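Here is what each chain is made of, one letter per residue.
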Amino acid sequence: MSSMPAPMAPNLDNASLNRFYHEHVELRRDQTKRSIAAVMPIVNELLSYINSKDSRFSGKPLCMGSYWQGLKVKRADEFDFTIPLASVDRLVWGNSGPQYYGFDRHVEDINTMRTLPDDVNVVSKLTPLPRPPNGYYPLTWGNRQSYNWQSQDLFCNKDLIPFLVNRRFKKLLTESIRDLSLREHVQVSRLMSGPAITVHLTLPNHPAISVDFAVAQTPMPSLNFPRSQTANWLQQAKIEKIKEKGIMSVAKKPFYWLKSYALMEKELVSEIDADGGCRKKCHRLMKLLNEQIWCPTTKPVISSYILKVTITLHKNIKVDHDYNILVRI
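Let me begin by describing the structure that accompanies this report. Note that the structure is predicted; figures quoted are calculated from it, not measured. (Residues numbered from 1 in each chain as written. Predicted model: local features only at pLDDT ≥ 70, side-chain atom pairs only at ≥ 80, totals over all residues. Heavy atoms only, no water.)

### Section: the overall build of the protein chain
Looking only at helices and strands, one finds nine helices and 14 strands in the protein chain. Expressed as a percentage of the 329 residues in the protein chain, the buried residues total 46%. For the protein chain, contacts bridging at least 24 residues in sequence account for 69% of all contacts bridging at least 6. (Helix = DSSP H or I, 4+ residues; strand = E, 2+ residues; numbered from the N terminus. Buried < 20%, exposed > 50% of the residue type's maximum accessible area, 1.4 Å probe, protein only. Contact = heavy atoms within 4.5 Å.)

### Some points on the pairing of strand 13 (residues 247–251)
Most of strand 13 is tucked away, with five of its five residues classed as buried. Covered by surrounding structure in strand 13 are I247, S249 and A251 together with M248 and V250, the residues of both alternating faces. Bridge count between strand 12 (residues 209–220) and strand 13: three bridges; the pairing is antiparallel. Paired with M220 across the strands is I247, a residue of strand 13. Bridging between strand 13 and strand 14 (residues 257–260) involves four bridges; their strand directions are antiparallel. (Pairing = 2+ DSSP bridges.)

### As for the nonpolar core
Counting residues in hydrophobic clusters, the biggest one holds 55 residues, and the most contacted among them are F169 and F213. Elements with a minimum of two residues in this core: helix 2 (29–53), strand 2 (78–84), strand 4 (101–103), strand 7 (139–141), strand 8 (155–156), helix 3 (162–179), strand 11 (196–201) and strand 12. Here the element with the most residues in this core is helix 2; it accounts for eight residues. Discounting chain neighbours no more than four positions away, the residues touching F169 are L47, I50, F57, I83, I197, F213 and V215. Counting eight residues, the second-largest nonpolar core is a separate cluster that includes Y21, V25, V73 and L288. (Core = buried A, V, L, I, M, F, W, Y, C linked by side-chain atoms within 4.5 Å.)

### As for the side chain of H206
Looking at where H206 falls in the secondary structure, it is placed in the loop between strand 11 and strand 12. Since its relative accessible area comes to 15%, H206 is described here as buried. In this structure H206 touches R34 and S35, once residues within four positions along its chain are discounted.

### Here we look at helix 5 (residues 236–245)
Considered for burial, the residues of helix 5 that qualify are K238, I239 and I242. In an axial view of helix 5, the angular spread of the buried residues amounts to 100 degrees, which keeps them on one side of the axis. Across helix 5 from its buried face, at more than 90 degrees, point the exposed residues A237 and E244. At its buried positions, helix 5 is contacted by helix 4 (228–231) and helix 6 (262–270). Residue G246 follows helix 5 closely and has a positive phi angle near 80 degrees. (Arc of directions from axis to C-beta.)

### Considering the sheet that holds strand 3 (residues 91–93)
Sheets are built from strands paired through backbone hydrogen bonds, the pairs being either parallel or antiparallel. On the basis of which strands lie adjacent, the open sheet formed by four strands has the order 3-7-9-8 and antiparallel pairing. The open sheet has two edge strands, strand 3 and strand 8, and neither has a second partner. Pairing of strand 7 with strand 9 (residues 159–160), which is carried by two bridges, proceeds in the antiparallel orientation. Paired with T140 across the two strands is D159, which belongs to strand 9.

### So, a nonpolar patch on the surface
Taken together, the side chains of W294, V301, I302, Y305 and I306 make up a nonpolar region of the molecular surface, amounting to roughly 530 Å² of accessible area. In this fold, Y305 is placed in helix 8 (residues 304–313). (Patch = residues over 30% accessible without salt bridge, like charges linked within 9 Å, V, L, I, M, F, W, Y side chains within 5 Å. Areas by Shrake-Rupley, 256 points an atom, 1.4 Å probe, with all protein chains shown as cover. Salt bridge = Lys/Arg side-chain N within 4 Å of Asp/Glu carboxyl O.)

### Regarding unusual backbone geometry
One non-glycine residue, S181, lies in positive phi territory at about 60 degrees. Checked against the element boundaries, S181 lands in the loop between helix 3 and strand 10 (186–188).

### With respect to the packing of helix 1 (residues 14–25) against helix 7 (residues 279–294)
Following both chains from N to C, one finds helix 1 and helix 7 inclined at 70 degrees, their axes separated by 11 Å at the closest point. With respect to their mutual orientation, helix 1 and helix 7 come out roughly perpendicular. Helix-helix and strand crossings are classified by hand; for helix 1 and helix 7 the assignment is left-handed. Contacts between helix 1 and helix 7 involve L17, N18, F20, Y21, H24 and V25 on the former and, on the latter, K281, R284, L285, L288, L289 and I293. For the contact of helix 1 with helix 7, the class distribution of residues is eight nonpolar, two polar and two charged. (Axes fitted to C-alpha atoms, helices over the stretch in contact; angles between N-to-C directions. Parallel < 35°, antiparallel > 145°, perpendicular 65-115°, else oblique. Left-handed = near helix turned anticlockwise from the far one by under 90°. Nonpolar A, V, L, I, M, F, W, Y, C, P; charged D, E, K, R; others polar.)

### A short note on the pairing of strand 2
Taken across its seven residues, strand 2 has five buried, putting it largely inside the fold. In the sheet, strand 2 pairs with strand 12 via seven bridges, with the strands oriented parallel. Looking across to strand 12, one finds that I83 is bridged to V215.

As far as function goes, none of this settles anything; it's purely spatial.
Dropping the structure here:
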């Protein structure tokens, strides 16, 4: 979308916003169908191969991200999938002291995990790791008895190591592309983007498509949802649906897992316009305005996630049958 000329900012009347939405924001149905028809067989083939080689990685991905939430803008050219790890009931979020392990040599980008070098190992050390940032935790084997999760190659000191998990998945992903003879049209990005391993698809007569795979531990129960303010405007049936989804642990930093509420968030926004409102349309409008008009030459100051939170908070305001919500925001 960055190669397209930036559209002119619309007036904030309903007719102008509707016209702007249909011309610049709304996904093109024919192209979207073609993208899905092209992407899904390749994704399923890759993941089935990976699962056959290492059953710890599920062959049934979770569809995440803006496209699957109905929040994608203009073109369906990016697809996000979360790959659940095999369920390990004894894994718990660790918070009882420092972790005594690390890499066996100096590694660049140690905090971002941009690369996954093959020639480093995770070993026990006498010096503890720094405390993790807020929201990050080690995943620890909580049972004091001996543990065996098919093998211990992804563990160190009874902790499941995100770096080792992602490196194993990327190795299998690269092998799958080679063995399935897909290298002409499918390439794995050398650098990671956050917790995601990106695959680029260059298919004949089709715009370029990127697919992000993020490995996550299967969801654990959410004990603190909802907060009192949220409970005031959510129906109890919806609350129970959201709680059932649980909290995932995403392999984002080399030694620490990030608690992710993406499944709960997806359920929260799934029927947000069931009352006849247009909150999702407003989110997509603001997303495009933010990227192409407000910040056309720089990284957007307001993240897509913050825009989503802003729109979600308007669930407890009167129904918006038009774009009045944008004026109030």
